[in-house]
Amino acid sequence: MSDILLRGEDLVKEYAVKKTPLTGKVTKVFTALDGVSIELKAGETLGLVGESGSGKSTTGDILGDLQKPTKGTVFYKGKDIRSFTPEEYQVYRRNVQYIFQDPKGSMNPNARILDILEEPLITLKIEKSEAARRAKAEDMIQKVGLEKAILNKFPGEISGGQCQRIAVARALITEPEIIICDEAVSALDVSVQAQILNLLKDLQARLHVAYLFISHDIGVVYHMADRICVMKNGKIVERGIAEDVLEKPQHEYTRQLLECSFAKKA
Ligand code: ADP
Ligand code: MG
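Criteria and cut-off values
For every chain, the first residue of its written sequence is number 1, and the numbers climb from 1 along that sequence. Here every chain gets a letter starting at A, and every ligand a number starting at 1, in the order they are written. The model is predicted, so local features are restricted to residues of pLDDT at least 70 and side-chain atom pairs to those at 80 or more, both for listing and for counting; the totals for chains, interfaces and linings are taken over all residues. As a rule here, side-chain values come from all non-hydrogen atoms in the structure, and water together with hydrogens is ignored. The method works on a 1 Å grid over the protein atoms by themselves. A cavity is a set of points holding a 1.4 Å probe that cannot get out, a pocket is an open set with protein on both sides within 12 Å along at least five of seven lines, and residues with an atom within 4 Å of a point line them. Grid points are joined across faces, edges and corners, and a volume is the space filled by probe spheres set on the points. Numbering of helices and strands runs from the N terminus; a helix is a DSSP stretch of H or I covering at least four residues, while a strand is a stretch of E covering at least two. Residue classes follow a fixed rule: Ala, Val, Leu, Ile, Met, Phe, Trp, Tyr, Cys and Pro count as nonpolar, while Asp, Glu, Lys and Arg count as charged, and any other residue, Gly among them, counts as polar. Take the buried residues of types Ala, Val, Leu, Ile, Met, Phe, Trp, Tyr and Cys, join any two whose side-chain atoms come within 4.5 Å, and each joined set is a nonpolar core. Here's how the labels work: a residue is buried when its accessible area is under 20% of the maximum for its type, exposed when over 50%, partly exposed in between, all with a 1.4 Å probe on protein chains only. Basic side-chain nitrogens of Lys or Arg form a salt bridge, by our definition, when they fall within 4 Å of a carboxyl oxygen of Asp or Glu. In what follows, a contact means two residues having at least one pair of non-hydrogen atoms within 4.5 Å. Residue proximity to a molecule or strand is established when one non-hydrogen atom of the residue lies within 4 Å of it. We define a polar contact as two N or O atoms separated by no more than 3.5 Å, with the added condition that, inside protein, one atom must be a possible hydrogen donor and the other a possible acceptor, whereas residues neighbouring each other in sequence contribute only through side-chain atom pairs. All accessibility values rest on the Shrake-Rupley procedure with a 1.4 Å probe; residue burial counts only the protein chains present in the view. DSSP calls a pair of strands paired once it identifies at least 2 bridges connecting them.

(A) Spatial organisation of the layout of surface pockets. Considered as a void within the structure, the largest pocket measures approximately 420 Å³ in volume. Around the largest pocket, the lining is made up of 17 residues, and of these Gln97, Tyr98, Glu119, Pro120 and Arg170 lie nearest the centre. Secondary structure elements with two or more residues in the lining of the largest pocket: strand E6 (96-99), helix H3 (113-123) and helix H5 (160-172). It is H3 that contributes the most residues to the lining of the largest pocket, 5 residues altogether. Looking at side-chain class alone, the lining of the largest pocket contains 9 nonpolar, 4 polar and 4 charged residues. Its boundaries defined by the atoms lining it, the second largest pocket holds a volume of some 200 Å³. Around the second largest pocket, the lining is made up of 12 residues, and of these Gln193, Ala194, Leu197, Val220 and His223 lie nearest the centre. Looking at the lining of the second largest pocket, the elements with two or more residues in it are helix H6 (190-207) and helix H7 (218-224). In terms of residue count, H6 provides more of the lining of the second largest pocket than any other element does, 6 residues in total. For the lining of the second largest pocket, the residue count by class is 5 nonpolar, 4 polar and 3 charged.

(B) Spatial organisation of the nonpolar core. Grouped together as the largest cluster of nonpolar side chains are 54 residues, with contacts concentrated most on Ile99, Leu117, Ile166 and Ile228. By size, the runner-up hydrophobic cluster in this structure holds 26 residues, among which are Leu6, Leu48, Ile178 and Ile236.

(C) Just the pattern of salt bridges, in detail. All chains considered together, the criterion is met by 16 salt bridges. One salt bridge connects Asp244 with Lys248, and the closest N-O pair in it is separated by 3.9 Å. Owing to a relative accessible area of 54%, Lys248 belongs among the exposed residues under this scheme. Put simply, Asp65, Lys68 and Arg82 are held in one network by salt bridges that share partners.

(D) Broad picture of empty space enclosed by the protein. Evaluation of the coordinates by the stated rule reveals 1 cavity of 30 Å³ or more. Approximately 30 Å³ is the volume attributed to the largest cavity. Lining the largest cavity are Leu6, Arg7, Ile38, Glu39, Leu40, Leu46, Leu63 and Leu212. Counting only elements with at least two residues in the lining of the largest cavity, the list comes to strand E1 (4-19) and strand E2 (26-41). Looking at which element gives the most residues to the lining of the largest cavity, the answer is E2, with 3 residues.

(E) Local environment of unusual backbone geometry. Despite not being glycine, Lys125 has its phi angle at roughly 50°, a positive value. With respect to the helices and strands, the residue Lys125 is situated in the loop between H3 and helix H4 (130-143). The backbone of Asn233 shows a phi angle near 45°, a positive value even though the residue is not glycine. Relative to the helices and strands, Asn233 is located in the loop between strand E9 (227-232) and strand E10 (235-241).

(F) Expanded view of helix H2 (residues 86-95). The set of residues buried in H2 consists of Tyr92, Arg93 and Asn95. Those residues of H2 hidden inside the fold are in contact with E1, helix H1 (56-63), strand E4 (71-76), E6 and strand E7 (178-182).

(G) Looking closely at the site of ligand 1. In the region of ligand 1, the neighbouring residues are Tyr15, Phe30, Ala32, Glu51, Ser52, Gly53, Ser54, Gly55, Lys56, Ser57 and Thr58. Contact between ligand 1 and Thr58: an oxygen atom at 2.5 Å from a side-chain N or O atom of the residue. Protein contact buries 61% of the 560 Å² of open area that ligand 1 shows by itself. Those elements that provide at least two residues to the shell around ligand 1 are E2 and H1. With 3 residues, H1 is the largest single contributor of residues to the shell around ligand 1. Split by residue class, the shell around ligand 1 holds 3 nonpolar, 6 polar and 2 charged.

(H) Highlighting the sheet that holds E2. The strand order across the open sheet formed by 4 strands is E2-E1-E4-E5, and the pairing between neighbours is antiparallel. Looking at which strands have only one partner, the edges of the open sheet turn out to be E2 and strand E5 (79-80). Here E4 runs beside E5; their pairing, made up of 2 bridges, is antiparallel. Each bridged residue has a counterpart across the sheet, and for Phe75 the counterpart in E5 is Asp80.

Here it is, written out as structure tokens:
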């Protein structure tokens, strides 16, 4: 059996940027994704890197079905996600989770951390028993290196780093096969960034989850990825094993990204 979990084929995303006010007729279209094909294998980390606006988030959103492509198909375990029965779709939803850049922004400020962690278990109908949900939440809290007491707090009462750990715990609580990490550490201080990256690596070794690791920072991707896709203007311009891409970049644009990243750190 193929170990490809998630695959996007010839993905195109167009946005209407100009409409005639009266008729609503689209007069200008912006192509955010222009024929992107990408695949994610079980247990790996695929880095998706490129400058802001290159189409990384759009790619991640389409693979996770947060947005629909204008053209192209997403396959989960070889099957077109649009052909799923409701039960199959539920399995896909459970197995593809997200971590975003702004964890606080994606958490209800009036919900306790416990409720935030339990939410996917309720909406995806994974765990009916309250006691079992609490046990899972407590287990996850410990897996991401936090104390149980944090379950009674609110997002406003915890630090950015703790909040991102909660986002990791929330993504993992459904026992997914894939987590789409979209700029997951970009808003954090460098020292906290390193802690979260190490946590993600540790959890991957223990739980064999695959990451689609999206970042504008090739230096961050460098620490994480087994394979890398480099995006520019809605296209993948270079792809390969991480070491090859980073040590022998073939595309001028990849070389520029590497130079910028290392110049910043020097
Ligand atoms: P990245 O994540 O690499 O920064 P995105 O995938 O978010 O890039 O965006 C790709 C391009 O699509 C950008 O130029 C962005 O401005 C444009 N875009 C994204 N969403 C919309 C939208 N809803 N309407 C119009 N343009 C959009
Ligand atoms: Mg983005």
